[in-house]
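Analysis of the macromolecular model
As a plain string of letters, each chain reads:
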Amino acid sequence: MLCAAAAPIFHAQAEEPVKGGTVTFLMSPAPQILTSAITTAGAEQVVSSKISDSLFTYDFDLNPKPLLAKSYEVSEDGKRVTFHLREGVKWHDGEEFTSEDVAFTTMEVWKVLHGRGRTIFGNVEKVETPDKYTAVFVLSRPSPGMLKSLAAQQAQILPAHLYKGTDILTNPANLKPVGTGPFRVVSFTPGDNLVLERNPDYWDEGKPYIDKLVFRFIPDAATRSAALEAGEAQIAPQNLVPMVDLERLQATGEFEVTTKGYEFQNEMEMIEFNLDDPVMKDIRVRQAIAHAIDKDWIVDNIFFGYGISAKTPLHPQLTELYDASDVPQYDYDPEKAKALLEEAGYKPDANGTRLKLVVDPLPYGEHQNHVAAYMREAFREVGIDLEVRAQDFAGFVKRVYTDRDFQFTVNLLTGGSDPTIGTQRTFWTPSFKPGVGFSNGSHYSNPKMDDILESAAAEMDAAKRKALYHDFQKLAMEDLPVLPLTAVESTTIANKRLKNHTIDANGTYSNFANVYLEPAQ
């Protein structure tokens, strides 16, 4: 069937865009590299999507919109997906973009090195390239979720001529990327800033509109707010401005706040338990922790209402698959938490302390730290002495996913537009691979869960697929390798002069080719 992606690229602006100018984009944490094809880290996804385009972007209803692929066709059995690529696209070094780049990246990068890609593209057996502008994905089983995963932050395409035959993880192009996107790298000062300039040879003629895009990496939330207010920056995504500042900045009349543009993300804040830890492997301890947490308090007081108390690992925005009926819940009940700890053999000492634990909050924005601080106080009521351990982003990833020297995290994981994109990696046995970030950090393994996930990933019948994902949600909450806390509604705050920063489901993860800056009055 021929996809509707052959429709023209969507342009949100009604007025004539203004050309020129510099846009400053606030971020934290800073990216470690500039290539998202080999990582699921959020900062890398945001910056790399401006440098290298993907096959598609997605509208607010998650329908594909063409970028490097003009259209696609799916065979009746769902096992062959043919992508028709745009002609005349050049990499920033002048080489032509072809189907070889798509085939190489799919088979050698996404399937091997990407934390979510190994799941999303797991059914891809090979990629045929009958000509320079046609790439045919040959699948062992249908993969309906794959077609919802081809945006740049999720599936960045790498230039085969620079990566083939090299150590992909250490290739210099990861820090000096050559892309197909609207912006080229000028300079990168790790931990401080990234400067991009307009690509004059961009395939979408006349774009991008702005001359320069500057990313400033500012770890302090108050400093980010001050930079916006002073006019030193124009945009901050992903709740990077404290909720208490949003109303004040909006009141100036100079800023707008939106929760749109995260439909492709569906972020879930959750506790990730290390099931290799001798304490955490006891489900009674995990259940006790769950009963010691007031999720509604977190939503109201930490997220200021920009979120939903999570009942399953799926975000409620996935309306076609979300189903919390008959799913075990762990309501806030300190007395039940105490009873479970008692049953697990943890008696209170003279000070009332039953157990000492350590939590590692993800250092991405402020919310995970605030949740960990809340838990430290709340856990005292049930006899848990909780230490909150602070570290930088690289240290967190190494500790949790390489060294596995942790008990539990407060993590923020992207669920994506389909469970196969982001959720499956957390529960699927093959996703556990030490050294690969944000991929089954719990080391959870249940053959029944693997069978459910693998069947759901290949199921073409909508009703059967929903039933399978209901089984998934139920089993996930029974086994409790992770505890979902908040289905996040992220915010983007931007100066009103900045236009078209959120025109599709990718929001600030999009390529910014349509963004322009109105002159100051």
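What counts and what doesn't
- Residues numbered from 1 in each chain as written.
- Predicted model: local features only at pLDDT ≥ 70, side-chain atom pairs only at ≥ 80, totals over all residues.
- Heavy atoms only, no water.
- Helix = DSSP H or I, 4+ residues; strand = E, 2+ residues; numbered from the N terminus.
- Rg over C-alpha atoms; globule rule 2.2 N^0.38 Å.
- Buried < 20%, exposed > 50% of the residue type's maximum accessible area, 1.4 Å probe, protein only.
- Contact = heavy atoms within 4.5 Å.
- Areas by Shrake-Rupley, 256 points an atom, 1.4 Å probe, with all protein chains shown as cover.
- Lys, Arg positive; Asp, Glu negative; His and termini not counted.
- Charge placed at Lys NZ, Arg CZ, Asp CG, Glu CD.
- Pairing = 2+ DSSP bridges.
- Axes fitted to C-alpha atoms, helices over the stretch in contact; angles between N-to-C directions.
- Phe/Tyr/Trp six-rings, centres within 6.5 Å; stacked < 30°, edge-to-face > 60°.
- Lys NZ or Arg CZ within 6 Å of the ring centre and 35° of its normal.
- Core = buried A, V, L, I, M, F, W, Y, C linked by side-chain atoms within 4.5 Å.
- 1 Å grid on protein atoms, 1.4 Å probe; cavity = no way out; pocket = protein on both sides within 12 Å on 5 of 7 lines; lining within 4 Å.
- Points joined across faces, edges and corners; volume = space filled by probe spheres on them.
- Nonpolar A, V, L, I, M, F, W, Y, C, P; charged D, E, K, R; others polar.
- Parallel < 35°, antiparallel > 145°, perpendicular 65-115°, else oblique.
- Left-handed = near helix turned anticlockwise from the far one by under 90°.
- Salt bridge = Lys/Arg side-chain N within 4 Å of Asp/Glu carboxyl O.
- Polar contact = N/O pair within 3.5 Å; in protein donor to acceptor, adjacent residues only side chain to side chain.

**Concerning the overall build of the chain**
Along the backbone of the chain there are 14 helices and 21 strands. The C-alpha atoms of the chain give 23 Å as radius of gyration, which agrees with the globular expectation for 521 residues (24 Å, within 12%). Looking at the chain as a whole, 62% of its 521 residues are labelled buried. For the chain, the share of sequence-separated contacts (at least 6 apart) that also reach a separation of at least 24 residues comes to 72%. Summing over all exposed atoms, the chain offers an accessible surface of approximately 19400 Å²; the carbon and sulfur share of this is 49%. Computing the positive centroid from 51 side-chain charges and the negative centroid from 73, the chain places the two 2 Å apart.

**Describing the sheet that holds strand β6 (residues 124–131)**
On the basis of which strands lie adjacent, the open sheet formed by four strands has the order β4-β5-β7-β6 and antiparallel pairing. Edge strands, defined here as strands with exactly one partner in the open sheet, are β4 (69–74) and β6. Geometrically, the sheet is characterised by an average inter-axis angle of 20° between neighbouring strands, direction not taken into account. Across five bridges, the pairing between β6 and strand β7 (residues 134–139) is antiparallel. Residue pairing for β7: Val124 is matched across the bridge by Leu139. Contacting β5 (80–85), β6 and β7, helix α2 (residues 99–113) crosses the sheet at an angle of about 170° to β6.

**Observations regarding the packing of aromatic side chains**
The full count for this structure, using the stated rule, is 19 aromatic pairs. Judged by centre distance (5.2 Å) and plane angle (50°), the rings of Tyr202 and Trp203 are tilted. Here Tyr202 and Trp203 have matching classes, each one buried. The structure contains a cluster of three or more aromatic residues connected by ring pairs, namely Phe56, Tyr72, Phe83 and Phe137. Positioned over the ring face of Phe512 is Lys50, at 4.8 Å from the centre of the ring. Across the ring face of Phe60, the terminal group of Lys260 is positioned such that the distance to the ring centre comes to 4.2 Å.

**Re the nonpolar core**
Core analysis: the biggest nonpolar cluster contains 98 residues, and Phe215, Ile289, Ile293, Met375, Phe379 and Phe408 have the highest contact counts within it. Ignoring anything within four residues of it in the chain, the contact list for Phe379 reads Ile289, Ala292, Ile293, Ile384, Leu386 and Phe408. With 48 residues, the next largest nonpolar core counts Phe56, Leu67, Val127 and Phe264 among its residues.

**A word on empty space enclosed by the protein**
Taken as a whole and assessed by the stated rule, the structure comprises six cavities of 30 Å³ or more. If you add up the space inside the largest cavity, you get close to 230 Å³. Lining the largest cavity are 27 residues, with Thr57, Leu67, Asp504, Ser510 and Asn511 positioned closest to its centre. Of the residues contributing to the lining of the largest cavity, the split by class is 13 nonpolar, nine polar and five charged. Thr40, Ala41, Gly42, Leu412 and Thr414 are the residues nearest the centre of the second largest cavity, which is lined by 17 residues in total. Only α1 (42–51) and β17 (408–414) provide two or more residues apiece to the lining of the second largest cavity. A total of three residues in the lining of the second largest cavity trace back to one element, the largest contributor, which is β17.

**Thoughts on the packing of helix α7 (residues 283–291) against helix α9 (residues 334–343)**
Think of two packed helices as two axes; the pair is described by the angle between the axes and how far apart they sit. Here α7 crosses α9 at 165°, and the two axes come no closer than 8 Å. Judged by the inter-axis angle, α7 sits roughly antiparallel to α9. Considering how the two elements wind past one another, α7 and α9 form a crossing that is left-handed. Across from Arg284, Gln287, Ala288 and His291 in α7, the residues of α9 making contact are Pro334, Lys336, Ala337, Leu340, Leu341 and Glu343. The class makeup of the residues in the contact of α7 with α9 is five nonpolar, two polar and three charged.

**Some points on the sheet that holds strand β18 (residues 482–488)**
Spatial strand order, β14-β18-β13-β17-β15-β16: six strands in an open sheet with mixed pairing. Taken across any chain shown, the strands that pair with only one partner, and hence form the sheet edges, are β14 (307–309) and β16 (384–388). Shown here is a sheet whose adjacent strand axes are inclined to one another by a mean of 30°, direction ignored. As judged from the seven bridges shared by strand β13 (residues 267–273) and β17, these two strands associate in the antiparallel manner. The partner of Met270 across the bridge, within β17, is Asn411. Strand contacts of helix α11 (residues 393–403): β13, β15 (355–361) and β17, with the helix running at about 105° to β17, the strand carrying the most contacts.

**Details of the layout of surface pockets**
Here the largest pocket defines a volume of roughly 850 Å³. In terms of residue count, helix α14 (residues 462–479) provides more of the lining of the largest pocket than any other element does, three residues in total. When the residues that make up the lining of the largest pocket are grouped by side-chain class, the tally is 19 nonpolar, eight polar and nine charged. A volume near 510 Å³ is recorded for the second largest pocket.

**Let's talk about the pattern of salt bridges**
This structure, assessed with the given rule, holds 26 salt bridges. Salt-bridge contacts for Glu366 lead to Arg224; the nearest nitrogen and oxygen are separated by 3.7 Å. Separated by 142 residues along the polypeptide, Glu366 in the loop between β15 and α10 (367–380) and Arg224 in helix α5 (residues 221–229) bring together distant segments of the chain. Its relative accessible area of 24% is what places Glu366 among the partly exposed residues. Since its relative accessible area comes to 0%, Arg224 is described here as buried.

**What to know about the environment of Ser149**
For Ser149, the position within the fold is in the loop between β7 and α4 (160–163). Considering only alpha carbons, one finds Ser149 and Leu62, 87 residues apart in sequence, at a separation of 9.8 Å. Those residues in contact with Ser149, other than ones at most four positions away along the chain, are Tyr58, Ile120, Phe121, Gln154, Ala155, Phe264 and Ile421. Of the polar contacts made by the side chain of Ser149, one reaches the backbone oxygen of Met146; its length is 2.6 Å.

**Notes on the environment of Ala69**
With respect to the helices and strands, the residue Ala69 is situated in strand β4. Ala69 gets classed as buried once you look at its relative accessible area, which sits at 0%. When the C-alpha atoms of Ala69 and Arg286 are compared, they prove to be 45 Å apart, with 217 residues separating the residues in sequence. Residues within four places of Ala69 in sequence aside, it is in contact with Leu55, Phe56, Phe83, His84 and Leu85.

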